[in-house]
Amino acid sequence: MNRRELLKAAAALPLVPAALSNSAVAQSAPYPSRNITMIVPFPAGGQADLAARPVAAALEKTLGKSVIVDNRAGGGGGSVGNAAAARAEPDGYTLLMTLSSLAVLPEADRLFNRPVAYEVSQFAPIARVLADPTLLAVPASAPWKTLKDFVEDAKARPGLIPYGSSGPYGTLHIAMEMFAASAGIKLQHVPFRGAAPALTALLGGTVQALASAPGVLKQQVDDGKLRVLANWGAERIASFPNLPTFRELGYKDVEFYIWAGLFAQSALPAPIMAQLRKAMGEAVKAPEVVKTFANAGSPVAYLDAPEFAKFVADDSARLIAAVKKIGKVE
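Source: prediction; values computed, not measured.

Observations concerning the layout of surface pockets
Of the pockets and cavities examined, the second largest pocket occupies roughly 250 Å³. Surrounding the second largest pocket, M178, A181, S182, D253, E255, R318, A321, A322, K325 and I326 form its lining. Where the lining of the second largest pocket is concerned, the elements lending two or more residues are α7 (171-183) and α12 (305-326). Considering every element that reaches the lining of the second largest pocket, the biggest residue donor is α12, with 5 residues. Grouping the constituent residues of the lining of the second largest pocket by class yields 5 nonpolar, 1 polar and 4 charged.

Focus on empty space enclosed by the protein
Under the counting rule described, the total for this entry stands at 1 cavity of 30 Å³ or more. Here the largest cavity is characterised by a volume of approximately 60 Å³. Those elements giving two or more residues to the lining of the largest cavity turn out to be α3 (47-63) and α7. In the lining of the largest cavity, the residues fall into 8 nonpolar, 5 polar and no charged.

Structural notes on the pairing of strand β8 (residues 209-212)
Alternating positions in β8 separate into two faces, A209 and A211 on one and L210 and S212 on the other, with burial throughout. Pairing of strand β5 (residues 135-139) with β8 involves 3 bridges; the strand directions are antiparallel. Its bridge partner being in β8, L136 is matched across the sheet by A211.

Some points on the side chain of Q220
With respect to the helices, strands and loops of the structure, Q220 is situated in helix α9 (residues 214-222). In contact with Q220, other than residues within four places in its own chain, are L199, L203, K225 and L226.

Things to note about the sheet that holds β8
Taken in spatial order, the 5 strands of this open sheet run β7-β6-β8-β5-β9, and their pairing is mixed. Every other strand in the sheet has two partners, leaving β7 (188-191) and β9 (226-231) as the edge strands with one partner each. When strand polarity is set aside, the average angle formed by the axes of neighbouring strands in this sheet is 30°. The strands that α7 touches are β5, β6 (162-165), β7 and β8; relative to β8, the one it contacts most, it runs at about 115°.

About the criteria used
- Residues numbered from 1 in each chain as written.
- Predicted model: local features only at pLDDT ≥ 70, side-chain atom pairs only at ≥ 80, totals over all residues.
- Heavy atoms only, no water.
- 1 Å grid on protein atoms, 1.4 Å probe; cavity = no way out; pocket = protein on both sides within 12 Å on 5 of 7 lines; lining within 4 Å.
- Points joined across faces, edges and corners; volume = space filled by probe spheres on them.
- Helix = DSSP H or I, 4+ residues; strand = E, 2+ residues; numbered from the N terminus.
- Nonpolar A, V, L, I, M, F, W, Y, C, P; charged D, E, K, R; others polar.
- Buried < 20%, exposed > 50% of the residue type's maximum accessible area, 1.4 Å probe, protein only.
- Pairing = 2+ DSSP bridges.
- Contact = heavy atoms within 4.5 Å.
- Axes fitted to C-alpha atoms, helices over the stretch in contact; angles between N-to-C directions.

Structural data, given as structure tokens:
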């Protein structure tokens with residue numbers, strides 16, 4: 001057969017779509033057969049990053065492949081990274097470690113009549129890792145020694161006290177606006193790309209207040225650089241036992257938690273989901289993970305997929321209601 005006849009014969013063969021052949025290869029190979037990416041939709045140094053890095057290291061030992069933390073920051077409150085994870089192939093090789101703002105951001109898009117970047121229904125919860133009440137922090141040099149001092153000053157100077165956040169309608173923004181609405185005060189919102197840049201701005205004096213997780217704040221408070229005024233939780237916490245809650249101080253409807261959890265795509269095959277759930281159950285018990293979180297004042301708050309899914313649904317309903325109540329804020 002000459003070259004022309006060979007090409008003609010080859011052209012007559014049935015075509016196999018590339019996607020189908022790749023899928024077949026992926027299904028035949030044991031999971032995981034290559035490195036895994038764990039998207040964190042914020043810069044390094046925030047609560048999601050604090051959760052991701054020790055867990056990724058522990059998962060590597062269990063799964064036998066590298067788990068690479070990818071800080072996919074940019075855009076409002078984690079929306080860019082969340083959306084990238086939602087669009088990824090549901091093959092277990094792109095995971096998402098994100099925060100409670102996951103459900104809030106699509107509602108914020110709808111509130112402003114913007115295209116919705118992703119829907120929560122595109123994700124399958126794997127495990128909750130951390131769940132902490134948010135704390136209100138100010139510079140140690142600030143004049144406010146108590147929450148009462150802060151509120152009185154804010155009422156005297158409406159819109160003049162700047163506070164930082166991880167982005168519009170992110171966890172830190174919602175927490176502060178929830179408090180401001182309850183206290184009847186107006187603050188100046190200064191959004192950043194994540195909690196870590198917002199914390200840097202607080203330490204540098206660019207902003208004067210910040211709602212943040214205990215694990216992110218503890219070292220700075222211990223070093224005398226920051227002061228905490230109140231706790232958004234229903235109860236006091238072990239890492240800050242003398243810090244009163246907003247509810248103790250008379251703000252009965254001010255309660256907010258910043259949780260971090262691992263997600264995959266909703267179309268993830270059941271066998272891979274089962275393998276990841278098992279691996280996460282082992283990862284959160286690893287001594288180095290437990291120690292890292294405990295030292296940060298943010299102990300492990302593990303929930304397996306079924307319990308985590310219910311938790312996400314309940315918490316999301318509460319936060320979405322808060323967003324609708326707050327309405328359009330900048």
